[in-house]
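The primary structure of each chain is shown beneath.
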Amino acid sequence: MDKNMNEMRWNPSVLIQGEQVPLFWKSHFEKDNRKLLFILGKGFDVRMNMALKSLLENSPNVNVECWIIEFEEGEGSSSNKYLKYAYENLDELRTLLSGRSVTSKPIALWSNKTKGKKQRIGDRQATNLLTEYKQISEFTDIIIDISALPRGVYFSLIGRFLTFIDLYAKEAPPNFFIVVSENANIDSNIKERGIDEDVGYLRGFGGTLELASETEEPVVWFPILGEDKLEHLEKAHNQIRPHEICPVLPFPSKDPRRSDQLIKDYHQLLFDRLGIEPQNLMYVPERNPFEAYTRLSKAIHNYFTSLNSLGGCKAVISTFSSKLLSIGTLLTAYELIGKIGVGVLNVDSQGYEIDDFEEMKKMKFESELFLIWLTGEPYTEN
Amino acid sequence: MRSALAERLLVKIMQWNSDEISKQRPMLQALANLKYDEYQQFSPGIRFMESLVKWLGQFESLEERHIAYAFVMNQLIFISSNQIQHLVNITFAEKINPIIIEKTAQHSKFSPYKIKKIVISSTYKFFLRRSLFIGLSDGSKIDQLRRSYNRISNEQVLATYQVSQDKVKDMLDELKQSKISNKKFNTVFLIDDFTASGTTYFRKKDGIWGGKICKFINSIFDPKARSESAISQLIQEDEVLDIHVIFYIATEEALEKLNNNINEYKIANPTYRFQLKIHSIQLLGNDIKTKVLAEESFLQLIKKYFDADIIDKHYEMGKCNEPYLGFNECSLPLVLNHNTPNNSLPILWLPEDKKYIGLFPRVTRHKDE
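What counts as what
- Residues numbered from 1 in each chain as written.
- Chains lettered and ligands numbered in written order.
- Predicted model: local features only at pLDDT ≥ 70, side-chain atom pairs only at ≥ 80, totals over all residues.
- Heavy atoms only, no water.
- Domains from an automatic or database assignment.
- Contact = heavy atoms within 4.5 Å.
- Buried area = accessible area lost by both parts, 1.4 Å probe.
- Salt bridge = Lys/Arg side-chain N within 4 Å of Asp/Glu carboxyl O.
- Polar contact = N/O pair within 3.5 Å; in protein donor to acceptor, adjacent residues only side chain to side chain.
- Pairing = 2+ DSSP bridges.
- Helix = DSSP H or I, 4+ residues; strand = E, 2+ residues; numbered from the N terminus.
- Axes fitted to C-alpha atoms, helices over the stretch in contact; angles between N-to-C directions.
- Phe/Tyr/Trp six-rings, centres within 6.5 Å; stacked < 30°, edge-to-face > 60°.
- Buried < 20%, exposed > 50% of the residue type's maximum accessible area, 1.4 Å probe, protein only.
- Lys NZ or Arg CZ within 6 Å of the ring centre and 35° of its normal.
- Nonpolar A, V, L, I, M, F, W, Y, C, P; charged D, E, K, R; others polar.
- Expected span 1.5 Å × (residues − 1).
- Arc of directions from axis to C-beta.
- Core = buried A, V, L, I, M, F, W, Y, C linked by side-chain atoms within 4.5 Å.

## A few points about the domain arrangement of chain B
It is common to give the size of an interface as the accessible area that goes away when the parts come together.
All names here are of chain B.
Here is step 1: Domain annotation for chain B reports domain 1 (1-80 + 287-348) and domain 2 (81-286).
Here is step 2: One C-alpha centre belongs to domain 1, the other to domain 2, and the line joining them spans 36 Å.
Here is step 3: Between domain 1 and domain 2, the residue contacts involve 21 residues of the former and 18 residues of the latter.
Here is step 4: Taken together, both faces of the contact between domain 1 and domain 2 bury some 1,500 Å²; the carbon and sulfur share is 57%.
Here is step 5: The largest per-residue losses of area from domain 1 upon contact with domain 2 belong to Ile79, Ser80 and Met317, which jointly make up 31% of the total buried on that side.
Here is step 6: Here domain 1 is connected to domain 2 by one salt bridge.
Here is step 7: Among the ionic pairs, Glu253 bridges to Lys289, the shortest N-O distance being 3.5 Å.
Here is step 8: Put simply, domain 1 and domain 2 have 10 residue pairs in polar contact (both at pLDDT 80 or more) between them.

## A short note on the sheet that holds strand E5 (residues 141-145) of chain A
All names here are of chain A.
Here is step 1: Ordered by their spatial adjacency, seven strands build an open sheet running E1-E16-E6-E5-E2-E3-E4, and the pairing between neighbours is mixed. Two strands bound the open sheet, and with one partner strand each, they are strand E1 (14-17) and strand E4 (102-108). On average, each strand axis in the sheet is tilted by 20° relative to the strand beside it, whichever way the strands run.
Here is step 2: Here seven bridges tie strand E6 (residues 175-182) to strand E16 (residues 368-375), and the two strands are oriented antiparallel to one another. Looking at E16, one finds that Val179 is bridged to Leu371.
Here is step 3: Across the face of the sheet, helix H3 (residues 50-58) comes into contact with strand E2 (36-41), strand E3 (64-72), E5, E6 and E16 while running at roughly 150° to E2.
Here is step 4: Contacts from helix H4 (residues 83-96) reach E2, E3 and E4 within the one sheet, and its direction differs from that of E3 by about 170°.

## What to know about the packing of aromatic side chains
Here is step 1: Evaluated as defined, the whole model comprises 45 aromatic pairs over all chains.
Here is step 2: Summarising the aromatic geometry, the rings of Phe48(B) and Phe360(B) are spaced 5.9 Å apart at their centres and angled 20° between planes, so their arrangement reads as stacked. Linking Phe48(B) in helix H3 (residues 48-57) with Phe360(B) in the segment after helix H15 (346-349), this pair joins segments that are 312 residues apart in sequence.
Here is step 3: We classify Phe360(B) as buried; its relative accessible area is 0%.
Here is step 4: The interplanar angle of 50° and the centroid separation of 6.4 Å between the aromatic rings of Tyr315(B) and Trp349(B) together place this pair among those described as tilted. Of this pair, Tyr315(B) sits in the loop between helix H14 (296-304) and strand E9 (334-336) while Trp349(B) sits in helix H15, and the two are 34 residues apart along the sequence.
Here is step 5: When its relative accessible area of 3% is taken as the criterion, Tyr315(B) is described as buried.
Here is step 6: One aromatic cluster is present, formed by Phe24(A), Trp25(A), Phe29(A), Phe177(A), Trp373(A) and Tyr113(B) through successive ring pairs.
Here is step 7: Over the ring of Trp67(A) we find Lys105(A); its NZ or CZ atom is 4.2 Å from the centre of that ring.
Here is step 8: The side chain of Lys266(B) reaches across the aromatic face of Phe274(B), ending 5.0 Å from its centre.

## So, unusual backbone geometry
All names here are of chain A.
Here is step 1: For the bond from Asn11 to Pro12, the omega torsion is 5°, close enough to zero to count as cis.
Here is step 2: Within the secondary structure, Pro12 is located in the loop between helix H1 (3-6) and E1.
Here is step 3: Between Phe251 and Pro252 the backbone carries a cis peptide bond, its omega angle lying at 0°.
Here is step 4: Its place among the elements puts Pro252 in the loop between strand E11 (248-250) and helix H9 (258-273).
Here is step 5: With a phi angle near 60°, Asp228 is a residue other than glycine that sits in the positive phi range.
Here is step 6: Locating Asp228 in the fold gives a position in the loop between strand E9 (219-224) and helix H8 (230-240).

## Topic: the pairing of strand E4 (residues 187-195) of chain B
Residue and element names in this part refer to chain B.
Here is step 1: Across the nine residues that make up E4, a large majority, nine, are buried.
Here is step 2: Pairing of strand E2 (residues 131-135) with E4, which is carried by five bridges, proceeds in the parallel orientation. Counterpart to Phe133 in the pairing with E4 is Phe189.
Here is step 3: Where E4 and strand E7 (residues 241-251) come together, eight bridges link them in parallel fashion. Paired with Asp192 across the two strands is Phe247, which belongs to E7.

## What to know about the interface of chain A and chain B
Here is step 1: Residue-level contacts link 35 residues of chain A with 40 residues of chain B.
Here is step 2: Summed over both partners, the interface of chain A with chain B comes to about 3,200 Å²; 61% of that surface belongs to carbon and sulfur atoms.
Here is step 3: Three residues stand out in chain A for area buried against chain B, namely Phe251(A), Arg257(A) and Lys264(A), and they jointly supply 19% of the buried area on that side.
Here is step 4: Between chain A and chain B we count one salt bridge in total.
Here is step 5: Summed over the shared surface of chain A and chain B, the number is 13 residue pairs in polar contact (both at pLDDT 80 or more).
Here is step 6: Sorting the residues of the side of chain A that touches chain B by element identifies E1, H9, strand E12 (282-284) and helix H10 (289-306) of chain A as the ones contributing at least two each.
Here is step 7: Looking at which element gives the most residues to the side of chain A that touches chain B, the answer is H9(A), with eight residues.
Here is step 8: Residue classes in the side of chain A that touches chain B are distributed as 18 nonpolar, nine polar and eight charged.

## Details of H4(A)
All names here are of chain A.
Here is step 1: With 14 residues, H4 ought to run about 20 Å at 1.5 Å a step, and its terminal C-alpha atoms sit 20 Å apart, in line with that.
Here is step 2: Every buried residue of H4 is accounted for by Tyr85, Ala86, Asn89, Leu90 and Leu93. For H4, the angular spread of the buried residues around the axis is 145°, confining them to a single face. Turned more than 90 degrees away from the buried face of H4, the exposed residues are Lys84, Asp91 and Thr95.
Here is step 3: Looking at the packing, one finds that the buried side of H4 touches E2, H3, E3 and helix H12 (357-363).

## Here's the deal with the environment of Glu38(B)
Residues and elements named next belong to chain B.
Here is step 1: As for its placement among the helices and strands, Glu38 is situated in the loop between helix H2 (18-34) and H3.
Here is step 2: When its relative accessible area of 27% is taken as the criterion, Glu38 is described as partly exposed.
Here is step 3: Taking C-alpha positions, Glu38 is 6.5 Å from Asn337, a pair spaced 299 residues apart along the chain.
Here is step 4: If we skip the residues at most four places from it in the chain, Glu38 touches Phe78, Ser80, Ser81 and Asn337.
Here is step 5: At a separation of 3.2 Å, a polar atom in the side chain of Glu38 contacts the side chain of Asn337.

## Regarding the nonpolar core
One broad rule of soluble globular proteins: the nonpolar side chains tend to lie buried together.
Here is step 1: Formed by 211 residues in total, the largest nonpolar core has its most connected members in Ile158(A) and Phe222(A).
Here is step 2: Of all the elements, helix H5 (residues 81-108) of chain B adds the most residues to this core, at 10 residues.
Here is step 3: When residues of this core are sorted by domain, at least three fall in each of domain 1 (1-80 + 287-348) and domain 2 (81-286) of chain B.
Here is step 4: Contacts of Ile158(A), omitting those with residues within four sequence positions, involve Ile144(A), Ile146(A), Phe176(A), Ile178(A), Ile327(A), Leu330(A) and Leu374(A).
Here is step 5: Leu175(B), Leu190(B), Cys214(B) and Phe247(B) belong to the second-largest nonpolar core, a separate cluster that totals 38 residues.

This is how it looks when you write it as structure tokens:
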């Protein structure tokens with residue numbers, strides 16, 4: 001490991017999962033001096049309230065305020081037919097938090113049509129939720145639950161919170177966590193429908209990539225592969241036009257065949273059409289975003305060093321996999337964006353279809369909570 | 001045989017139409033290039049495509065060939081050298097470091113979440129330096145593990161627990177000179193690549209305990225074994241020895257069996273002062289075996305194309321009522337790039353000198369499971 005890699009911000013790191021999470025809620029939030037801001041999205045996903053429910057069951061006296069991000073999907077989204085489930089979740093949330101402060105934070109995912117075309121603005125709207133540090137300065141702890149938030153929203157939102165904490169609370173940062181309720185079976189039950197015509201770098205994660213095609217620096221693309229994303233991959237590739245591609249596969253994984261199955265799904269695109277060399281394939285653990293961050297950061301750093309005589313390189317990361325792994329890509333991009341041009345190119349869908357909602361409800365209790373601790377107590381020396 | 005010729009033969013054997021050819025051939029080629037061609041026990045000149053042709057060709061009917069082919073496409077788990085290397089590289093971060101952090105936190109009364117405070121503390125250095133890393137076979141790739149984290153010293157790593165007096169002296173001298181501790185080692189990480197049944201590591205046969213982990217524990221605590229082994233001199237006698245066994249790949253069944261055996265052994269030997277935990281990086285869940293056993297037509301096939309000649313006294317050490325399910329009836333659809341384990345289905349690994357041949361023929365090493 002070289003010197004720069006020894007200085008990685010989140011190595012070591014704190015990831016709390018499964019049965020450890022309720023124990024953590026109990027030990028951490030029962031202390032008197034805690035004041036928690038809990039942020040989550042209003043959505044149809046059956047996992048929307050799982051983390052908050054677990055927190056309140058295990059730490060009933062926690063001093064918590066809640067922001068609920070109510071995003072408008074826009075007309076024509078296939079997700080609109082599931083609105084009643086989103087309202088059911090919202091009712092449950094209000095019951096859970098009765099007597100506590102809940103603030104609605106509406107955002108639009110799309111702009112109004114101009115010249116017959118609408119544009120995705122969810123990422124920009126998400127960053128605008130936090131405009132001054134004093135909005136969050138009174139909180140000792142902040143949790144963003146991404147379980148029911150779209151990728152385009154939570155990437156920019158987390159990026160903004162990290163930036164503000166680093167800028168305005170460097171000396172005494174709050175404890176900042178991401179929580180996600182992971183369930184691969186539910187994920188595969190929610191199918192993405194219709195992809196965006198225009199794809200672009202996420203707000204706060206563009207680096208200098210928007211201009212990359214006009215520079216001589218080689219662009220290396222790291223797509224994190226997941227199921228049923230052929231069209232997304234093609235779209236992203238056309239946009240990025242990378243000089244080098246390193247597909248990233250999940251391994252170790254709950255299903256040890258998963259990476260082979262992904263190769264079977266995408267072999268024509270990856271090997272026949274894009275001509276990727278087998279040695280470019282990378283693996284990251286399916287259930288550890290910090291290890292994904294470590295592996296990706298090292299790979300990007302290695303490319304940058306190797307291509308030094310060409311002025312280094314730019315890197316683009318695209319996540320087509322689970323929300324848990326996407327946090328690894330977010331951390332990589334956040335840390336390297338100022339050192340090496342690293343961007344996150346997202347290809348969003350225009351809505352979702354669910355195979356069987358009742359079946360999805362039954363699967364809810366097989367979900368596992370992951371708490372990803374990003375700033376605060378673990379990372380201070382005293 | 002040239003690959004193009006093998007592909008033509010394959011098309012003939014499987015009687016694929018042009019649509020099937022255009023679907024199957026590129027996929028097979030991709031999997032072969034990426035993983036299957038690296039299997040180290042293929043005979044010279046034979047690669048995956050040629051082996052697949054031979055393997056499918058031995059099944060009498062077209063239906064049998066399709067059943068066998070579907071099994072390979074949908075259930076085979078091939079672990080490549082890249083994947084093994086990746087497992088070794090993440091072992092420190094995924095398993096070893098959290099253990100050292102937890103020990104430090106407990107000892108120093110720190111919160112286990114204060115990781116920055118913990119890893120810069122002298123107590124963390126103390127616990128890390130007093131940890132011994134021992135490979136249980138070549139598969140442990142213990143050198144690569146050491147290189148994956150630069151805070152592990154060469155003088156706390158052993159390729160085997162059978163060590164010489166000279167090596168013991170060197171290691172203790174280095175430990176003293178490190179100025180981190182005057183004490184000996186109190187934590188041992190036993191590392192190996194794979195277990196499917198656990199038999200190689202901890203077993204009871206005819207009332208006698210055996211296996212690699214059992215032998216290691218005996219060499220520390222059993223008075224007779226201790227007198228014949230130098231390894232015990234590395235261990236701090238007045239502390240409870242903390243042993244962690246880490247497998248890069250392990251089945252759920254093996255971990256359960258090993259835990260049960262070790263608990264029974266501990267009860268039978270209450271004076272042995274150790275605690276032991278078993279970990280795996282890639283767990284192979286019981287659902288893998290369940291899925292194999294649910295394929296009735298495939299089970300008929302492997303029963304029919306089985307050569308009882310592979311059953312020897314080592315094979316009989318495991319459950320052997322249905323030997324066509326592999327050693328100890330583990331029923332694994334698993335191939336490791338250097339050799340197919342004998343716990344896998346014999347139809348995958350039957351050696352070349354048997355009545356039928358496996359897709360990834362195995363080189364037999366009786367000391368294996």
